[in-house]
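Here is how the chains run, residue by residue.
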Amino acid sequence: MKSNVTSKNFYKGDPKKVAKNLLGKSLIRKLRDDTLEGIIVETEAYYGLEDPASRAYKGLKKYNKMMWSEPGRIFIYNVHNNWMLNIVAHDLGKIGAVLIRAIEPTRGIETMRMNRPVSKIRDLTNGPGKLTKALRINKKLHGKKVTSKQSEIFVTENNLNFKISSSNRIGVTKDLDKHLRFFIKDNYYLSR
DNA sequence: AGGAAGATCTACT
DNA sequence: GTAGATCTTCCTA
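Residues numbered from 1 in each chain as written. Chains lettered and ligands numbered in written order. Predicted model: local features only at pLDDT ≥ 70, side-chain atom pairs only at ≥ 80, totals over all residues. Heavy atoms only, no water.

Novice: Describe the pairing of strand β8 (residues 181–184), listing the residues and the values that go with them.
Specialist: By the alternation rule, side chains of β8 split into Arg 181 and Phe 183 and Phe 182 and Ile 184, which are all buried. In this sheet, β8 lies alongside strand β2 (residues 34–46) in antiparallel orientation, the contact comprising three bridges. Residue Glu 44 lies in a different strand from β8, and its bridge partner there is Arg 181. With four bridges joining them, strand β7 (residues 164–167) and β8 adopt antiparallel strand pairing. Bridge assignment links Ser 166 to a residue of β8, and that residue is Phe 182. (Buried < 20%, exposed > 50% of the residue type's maximum accessible area, 1.4 Å probe, protein only. Helix = DSSP H or I, 4+ residues; strand = E, 2+ residues; numbered from the N terminus. Pairing = 2+ DSSP bridges.)

Structure representation (structure tokens):
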């Protein structure tokens, strides 16, 4: 199995394209004495000033300025007491990010369950706020790169076969008229 | 000080 | 499946 870490180049380009390409990749969270890992099964693309659902819609602010920064960095914000995990992705000079909405846990499941006690394994990481809690992700990771194995959090390649489906984004009050949510068809750990 | 937020949980039909 | 209450963080006034 391939396990090369994703390159910065991987995150350069249209957020929509990057969102699709992130499916099936592994998200790895290094803790002090534990490694948590899962396969990305659901993502959403967000743009800049032209996207009313985007954190960048209202222009440059302190909390959203990461969306203007270097592709491959982590962009984290809080909503309703949940941390949202995004990876900055855009063409040079543009604005954008990909939200990780769900993962399929593959390693460190016992620790995840301690971080986020649930009765059903399915509920462990099948939502953006759920997976951040299970992986102990919070604002401290804001701005970190996912393109280095030295990082506390990074993304690696995989050789997996699957079908991609798409839909409108979830929970967004003003969505754009296109499909910007992508997910692995029929995966058990989708958020819905 | 006030309010909004890309969600989650619970309690139902 | 859907509806309503509720959580905290961080912005904006």
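Novice: Explain unusual backbone geometry to me, and be specific about the residues and the numbers.
Specialist: Phi angles above zero are rare outside glycine, and Arg 136 is one such case at about 55°. Here Arg 136 lies in the loop between α3 (128–134) and β6 (153–156). With a relative accessible area of 41%, Arg 136 lands in the partly exposed category. In the Ramachandran plot, Asp 186 falls in the positive-phi region, its phi being about 65° despite a non-glycine side chain.

Novice: Mind laying out the protein's contact with DNA strand B, listing which residues take part and the relevant values?
Specialist: Looking at DNA strand B, there are 18 residues lining it, with Ala 53, Arg 55, Tyr 77, Leu 99 and Gly 129 nearest. Take Tyr 77: an N or O atom from its side chain is 2.4 Å from a base nitrogen of DNA strand B. Between a phosphate oxygen of DNA strand B and a main-chain N or O atom of Pro 128, the distance comes to 3.4 Å. Looking at the surface near DNA strand B, the elements with two or more residues in it are β3 (74–79), β4 (82–88), β5 (97–107) and α3. (Near = heavy atom within 4 Å. Polar contact = N/O pair within 3.5 Å; in protein donor to acceptor, adjacent residues only side chain to side chain.)

Novice: Mind laying out the pairing of β4, listing which residues take part and the relevant values?
Specialist: Burial analysis of β4 places five of its seven residues in the buried class, which makes it a mostly covered element. One ladder, built from six bridges, connects β3 with β4; its direction is antiparallel. Across the sheet, residue Asn 78 finds its bridge partner in β4, namely Trp 83. Taking the residues that link successive antiparallel strands as the turn, the β3-β4 hairpin has two residues, and the phi of His 80 there is positive, at about 50°. One ladder, built from three bridges, connects β4 with β5; its direction is antiparallel. Residue Asn 86 lies in a different strand from β5, and its bridge partner there is Leu 99.

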